[in-house]
Amino acid sequence: MHARNEMHENLQLNLKITIMTQAKIDKSTDDGIEVQISSASNKLEIFISQRRNCESKLFLEMTNFNLVADTDFDNQEPIFIFDTSEEKPIRGFIASLDLSNPFTTDSYRIEILNGNGYFRFIDDPDLVVHDPPPKEEVDAGFGIPPYVPYEESTSPEPLTKQTTFNLNSNNVIIILAATLDFRLHTESRIAYRISSSLPDGTTYSGTGVILIRISDYNNHWPSAIKGKYSWDGNECALSTDPLVVEATDLDETINAELEYYIGSITRPQNETFYKEVQQLYLYEDVMLDYDVTVHILDKGTPRLGRTTHVSVTLSAACVTTLGFEIGLATGDFFVKAPGYYSASNKKYCDPCEAGYYCHGYGLRAKCTTCDFELLQPNGSYDIVETVSPCERSKTEFSFGGASECSPCKNGWICEEGVALPILDHSMYIETCSIESCPEPLPCPAGAACMFGIKQDCQPGTSGNGERCVFCPPGRYSDEVNAAECECCLAGFESSHKKASCIPCAFNEISYGCQQCVPCPSSEECPCLESNPCFAGVQCVNDPNSDDGFLCLACPEGTEGNGRECDDIDECEVAGACFESCHNKEHGYECGSCPAGYAGETPSGIGKEYAENNQQICTDVDECLVNNGGCGEHVLCSNNIGEAPTCEGCEDGYAVLEIDSIVTCKRANPCEEADACATNARCVFIKPLHHACFCNIGYAGDPSAGGECGIDSDADGYPDSNLNCQGARCQADNCPDIPNISQSDTD
């Protein structure tokens, strides 16, 4: 059982009473509450009395009880809970307590019963140290995330431990007395006793617990195990075993997770010379020195980081594709020379052979496998690593010095990582699959095959099996992969690389497979004398025809043999128009769409044009515009190609026919805003019928357009004249005395 005596919300007294009995409320009165706990050997009586305002008395009578103070501070419910961070400086502000109350003086004594060492109570705000400004991240370049570079700092001395505080203010401040460390404590509990006095000198005290929760803050920089690391290429130029850059961080959680990045690289001055030289093996004993900066960053907020260095000594034979990389999360550092490999005990690099690929870590693998080989000192190759499953194509290849193999080229045959071109120009090969390359095929007629690739010969050319040849003047080809070019007919010609022939002019002639030439005489060129063809039709001199000429196609919109051409009635043969169609000498024209329809009025020439450009007339829904002329609230029904039908009314409206004109009015006229006069009420009688009455206390003409005025004596006549007609609109002769007859009684 706990009993609490509170001077105010910040003071309390906790008592722990252990009893083996049951309790019940024996009595409750306006004066107080009586609780009895009794048994054969135990007795506890509590009586609370309050007979005056702001005056209470507590009486306890106990038999065979031991009162034990509650000192189990670790499990006691805290009165205050505050949050802070381990970044807080010495004398930094933690929280403030308002101890003001109407009973005690402004002097307090706080005694620490348990848990002090990190915090102190003060009453002078000038002693508080402000939090330091946040650390600023800087851009390190090289694609490295911004971070706060390492800076030297010293831990401040903690304040002297103090357990008793005499304070002369209602506003008590808790400050930090010693540096917090989240690794050691995630929270701190302060058990305290606070005492104060009443004006009459009576001292009151209470105990409690303050819980301060501590959050982790990124306040430790990463630290490399070594100040500098070395990669010695004299022992082995390239290796699949990394140089591990090890680092630690004293923070917790994500603040202790590290990432590694390559930064600036100090290169030898003569590196460019060795990168450009062709015969690198001549310089394999030349050793070059590099200094690689490694940035180590944590993942906290803000990110903290520092640098370390890796010195690399490497043969000049390795520098053509030299690069450095480091595992983002592991710190595994590699020297990498893509397209090269090295022996287990060699200090120089060899270029990857044809049919192989070398990722640059010292191993090589055949293009068709995932088995990586290491060159041994005796000259043999041992498989030291196999990637499974292996998803490499069986038709990839490399020409040597490759970091990766390439898909087989068009027109090549690739096997076992080696690519061979097809040099026979009469053969070609289809695209290789990932499993194999197909057998070469003979080049088809009309196509061209060169270096194993089949090329389609386009119209205007012909193929001879090796290349595509332009058609010469007087010949043409109008299809893909033509084996030869066709001759132009007599009377027609072409220039080179043509897919068709054109007719000669009326004063020219050709004898086939040639270009047009001037006519030698009118006997050979009948078109010179007069045009025997229909007006507008071209006449072509044709030495192979019986008449010596031929007529080309009739003009558009007509049909015939060229000598005679008749007009085409597009209206009849093509059904070009919706309803009205007018055929012309050359062409047609559609009339307007009929009433109730809308659409274009197309015109044109020829059957084909008419078939592809039919007139489209769509029904017009007249009800969408001004309700089809049906009137407001009348139901409008659209009729295809005809005037709409006006019939019925919308819901809530009824038909009212006046002089054979159908209109729709509200079925309940009272729903209209102006159904009656102002200060009048509307009463629905039946559809389209209603009655108006002036409101109680008003009189006059209640109908629409009328007026109801104040009627003080409720005799049906307004107090003053109204702006309406009728006896009820006249002023009451005795406004204060009811006088329905309006007679003069005096």
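Below is a summary of the structure that appears in this document. All of these numbers come straight from a predicted model, not from anything done at the bench.

Inspection of every chain in the model, using the stated rule, returns 26 disulfides. Two residues, Cys488 and Cys501, share a disulfide whose sulfurs are 1.9 Å apart. On the S-S bond that ties Cys488 to Cys501, the torsion sits near -80°, and the link is left-handed. Here the residue Cys488 occupies a position in the loop between strand E43 (486-487) and strand E44 (492-493), and Cys501 occupies one in the loop between E44 and strand E45 (502-503), the gap between them amounting to 13 residues. Here Cys501 falls in the partly exposed class, since its relative accessible area comes to 22%. Shown here is the disulfide that connects Cys577 with Cys590, its sulfur atoms set 2.0 Å apart. Residues Cys577 and Cys590 are joined by a disulfide whose S-S torsion is about -90°; by sign, that bridge is left-handed. Placement of Cys577 in the loop between helix H2 (570-573) and strand E52 (581-584) and of Cys590 in strand E53 (residues 587-590) is noted, with a sequence separation of 13 residues between them. The residues Cys577 and Cys590 share a single accessibility class, namely buried.

Another point: the nonpolar core. Across soluble globular proteins, nonpolar side chains show a tendency to be buried alongside one another. Formed by 32 residues in total, the largest nonpolar core has its most connected members in Val310, Val312, Phe333 and Val335. For this core, the secondary structure elements donating two or more residues are strand E18 (228-232), strand E21 (258-266), strand E22 (287-298), strand E23 (304-315), strand E24 (323-326) and strand E25 (332-336). Here this core gets five residues from one element, more than from any other, and that element is E22. Apart from the residues within four sequence positions on either side, Phe333 is in contact with Trp231, Pro242, Leu243, Val245, Ile262, Val292, Val310, Val312, Phe324, Glu325 and Ile326. Core analysis: the second largest hydrophobic core is formed by 23 residues, Ile110, Phe119, Leu180 and Ile210 among them.

The next subject is the environment of Cys513. If you trace the backbone, Cys513 turns up in the loop between strand E46 (508-509) and strand E47 (517-518). Sequence separation between Cys513 and Glu493 is 20 residues, and the spatial gap between their C-alpha atoms is 7.4 Å. With sequence-adjacent residues up to four places away left out, Cys513 is seen in contact with Pro473, Gly474, Arg475, Cys487 and Cys488.

Working definition: the strands of a sheet are paired by backbone hydrogen bonds and lie parallel or antiparallel to each other. Spatial ordering of the open sheet is given by E52-E53-E55, a layout of three strands whose pairing is antiparallel. Whereas interior strands pair on both sides, the edge strands pair on one side only; in this sheet they are E52 and strand E55 (603-604). The sheet contact formed by E52 and E53 spans four bridges and is antiparallel. What sits directly across from His582, in E53, is Glu589.

In this section: the packing of aromatic side chains. Counting across every chain of the model gives 16 aromatic pairs. Members of the aromatic cluster, joined through ring pairs, are Trp231, Tyr290, Phe324 and Phe333. Across the ring face of Trp412, the terminal group of Lys409 is positioned such that the distance to the ring centre comes to 5.4 Å. A cation over an aromatic ring shows up here: Arg728 above the ring of Tyr717, its NZ or CZ 4.6 Å from the ring centre.

The next subject is the sheet that holds strand E16 (residues 203-215). Sheet architecture is open: five strands sit in the order E8-E16-E15-E10-E13, paired in mixed fashion. Two strands lie at the open edges of the sheet, namely strand E8 (80-85) and strand E13 (164-167), each paired on one side alone. Here the average twist between neighbouring strands, direction ignored, is 25°. Sheet analysis places E8 next to E16, joined by six bridges and oriented parallel. Bridge pairing links Ser85 to Ser215 in E16.

Conventions and cut-offs
Residues numbered from 1 in each chain as written. Predicted model: local features only at pLDDT ≥ 70, side-chain atom pairs only at ≥ 80, totals over all residues. Heavy atoms only, no water. Disulfide = S-S within 2.5 Å. Helix = DSSP H or I, 4+ residues; strand = E, 2+ residues; numbered from the N terminus. Buried < 20%, exposed > 50% of the residue type's maximum accessible area, 1.4 Å probe, protein only. Core = buried A, V, L, I, M, F, W, Y, C linked by side-chain atoms within 4.5 Å. Contact = heavy atoms within 4.5 Å. Pairing = 2+ DSSP bridges. Phe/Tyr/Trp six-rings, centres within 6.5 Å; stacked < 30°, edge-to-face > 60°. Lys NZ or Arg CZ within 6 Å of the ring centre and 35° of its normal. Axes fitted to C-alpha atoms, helices over the stretch in contact; angles between N-to-C directions.

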